[in-house]
Amino acid sequence: MAIHMPMTNDEARFSIASSKEAKNLSIGESMMLDYIVPMAMKAILQLGVPDILGKASGPTTVEQIVSQLKCKSSTDAAVNLQRILSFLARKGVFTVSSDCQYPLTDLGEMFASNHEFSLVPYAKLLVHNAVLEPFKYLPGGILTNSVPRDAAHGLSIYAEHPQYPDWAATFNTGLVGSTQIIAGRVAAEYPGFKTVKSVVDVGGGLGLPFVSLSLSTPIFEASIRSTSCSCLGTSNSGYAYGFHLVS
């Protein structure tokens, strides 16, 4: 007489999983682990790894990268850094050579601070604690009809800038970097700007889009409107952004 031992939870889980369930399980677990990518990127940006590799005269090993960092234990640091670099290599930031060197890919080069279209300022903005902290308040925001960011910091995003100049600098530098990249592509790809006589940049701040537009289109008049305003017929005071074109 055969004795049937009860299956463990893991065994039962895999025995009943169809191919569809197995696929969804993989997708679901990947979704929950997606937060690791920005945290790993935050680590290498704070350590300056892309800049070290960008300035290197040739192939660079993990040990050579660690030698340029102030590490308590170079051996342990090399092991831990290699794990991060190997993980990000799977995301296309680095490649892995047979002798465990990690050259930057074309994508990875954009995370070096001296790249023409550097993503560093915008990346540092997105992984800043001031941006991440409000996510803990999302459930409460839904239940209490409150703004998660205001609940996390006690102030709106613009109201807190005078009190936290370091955060304000990160915020402004990040948006400037993003604007320069996006505006350049808009100017190059959108043909409508070639026929306009006047452009008004609403909420334009420093007017950086005009710099890109002026390099490729003959705009006769450009003006900026960067003031607090009431948007979309609501009573909430905020910042509007967009272009108004006159042909």
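Predicted model only: the values in this text are computed from it and were never measured. (Residues numbered from 1 in each chain as written. Predicted model: local features only at pLDDT ≥ 70, side-chain atom pairs only at ≥ 80, totals over all residues. Heavy atoms only, no water.)

1. Here we look at unusual backbone geometry
Located in the positive-phi region is Asn145, a residue other than glycine, with phi close to 55°. For Asn145, the position within the fold is in the loop between α10 (138-144) and α11 (148-153). (Helix = DSSP H or I, 4+ residues; strand = E, 2+ residues; numbered from the N terminus.)

2. Concerning helix α3 (residues 36-47)
Compared with the 16 Å implied by 1.5 Å per residue over 12 residues, the 17 Å span of α3 between its first and last C-alpha is a close match. Of the positions making up α3, those classed as buried are Ala40, Met41, Lys42, Ile44 and Leu45. Residues of α3 that are buried sit in contact with α4 (49-55), α6 (74-89), α8 (120-126) and α9 (129-132). Gly48 lies just past α3 and shows a positive phi near 75°. (Expected span 1.5 Å × (residues − 1). Buried < 20%, exposed > 50% of the residue type's maximum accessible area, 1.4 Å probe, protein only. Contact = heavy atoms within 4.5 Å.)

3. Re the nonpolar core
Val49, Leu85 and Phe94 are the most contacted members of the largest nonpolar core, which has 24 residues in total. Looking at this core, the elements with two or more residues in it are α3, α4, α5 (62-66), α6 and α8. Top element by residues in this core is α6. It accounts for 6 residues. Once residues lying within four places of it in the same chain are set aside, the contact partners of Leu85 are Ile44, Val49, Val62, Ile65, Phe94 and Tyr102. Counting 6 residues, the second largest nonpolar core, distinct from the first, contains Ala187, Val196, Val199 and Leu213. (Core = buried A, V, L, I, M, F, W, Y, C linked by side-chain atoms within 4.5 Å.)

4. Structural notes on helix α12 (residues 165-189)
Taking 1.5 Å of rise per residue, the 25 residues of α12 would be expected to cover 36 Å, and the 36 Å separating its terminal C-alpha atoms lies within 8% of that figure. Looking at α12, one finds that the buried residues are Trp167, Ala168, Phe171, Gly174, Gly177, Ser178, Ala183 and Ala187.

5. Regarding the pattern of salt bridges
Within this structure, the stated rule accounts for 3 salt bridges. A salt bridge links Glu133 to Lys136, with the shortest nitrogen-to-oxygen separation between them at 3.0 Å. Residue classification places Glu133 among the partly exposed residues on the basis of a relative accessible area of 27%. A residue is classified by how much of its surface remains accessible, and Lys136, at 60% relative accessible area, is exposed. Between Arg149 and Glu160 there is a salt bridge whose closest N-O contact spans 2.1 Å. Taken together, the residues span a long stretch of sequence, with Arg149 in helix α11 and Glu160 in the loop between α11 and α12 at a distance of 11 residues. A single burial state applies to Arg149 and to Glu160, both of which are buried. (Salt bridge = Lys/Arg side-chain N within 4 Å of Asp/Glu carboxyl O.)

6. Regarding a nonpolar patch on the surface
Residues Ile27, Met31 and Met32 make up a contiguous nonpolar surface patch of about 350 Å² in total accessible area. Turning to its location among the elements, Met32 is positioned in helix α2 (residues 19-33). Using a relative accessible area of 64% as the deciding quantity, one classes Met32 as exposed. (Patch = residues over 30% accessible without salt bridge, like charges linked within 9 Å, V, L, I, M, F, W, Y side chains within 5 Å. Areas by Shrake-Rupley, 256 points an atom, 1.4 Å probe, with all protein chains shown as cover.)

7. Considerations on the side chain of His161
With respect to the helices, strands and loops of the structure, His161 is situated in the loop between α11 and α12. Of the polar contacts made by the side chain of His161, one reaches the backbone oxygen of Ile157; its length is 3.1 Å. Not counting chain neighbours up to four residues away, the residues in contact with His161 comprise Trp167, Ala168 and Phe171. (Polar contact = N/O pair within 3.5 Å; in protein donor to acceptor, adjacent residues only side chain to side chain.)

8. Brief notes about the confidence of the model for the chain
Across the chain, pLDDT averages 79, with 76% of residues at or above 70. This model gives residues 1-5 a pLDDT under 50, and the stretch forms 0 contacts once residues within four places in sequence are excluded. (pLDDT = per-residue confidence, 0-100.)

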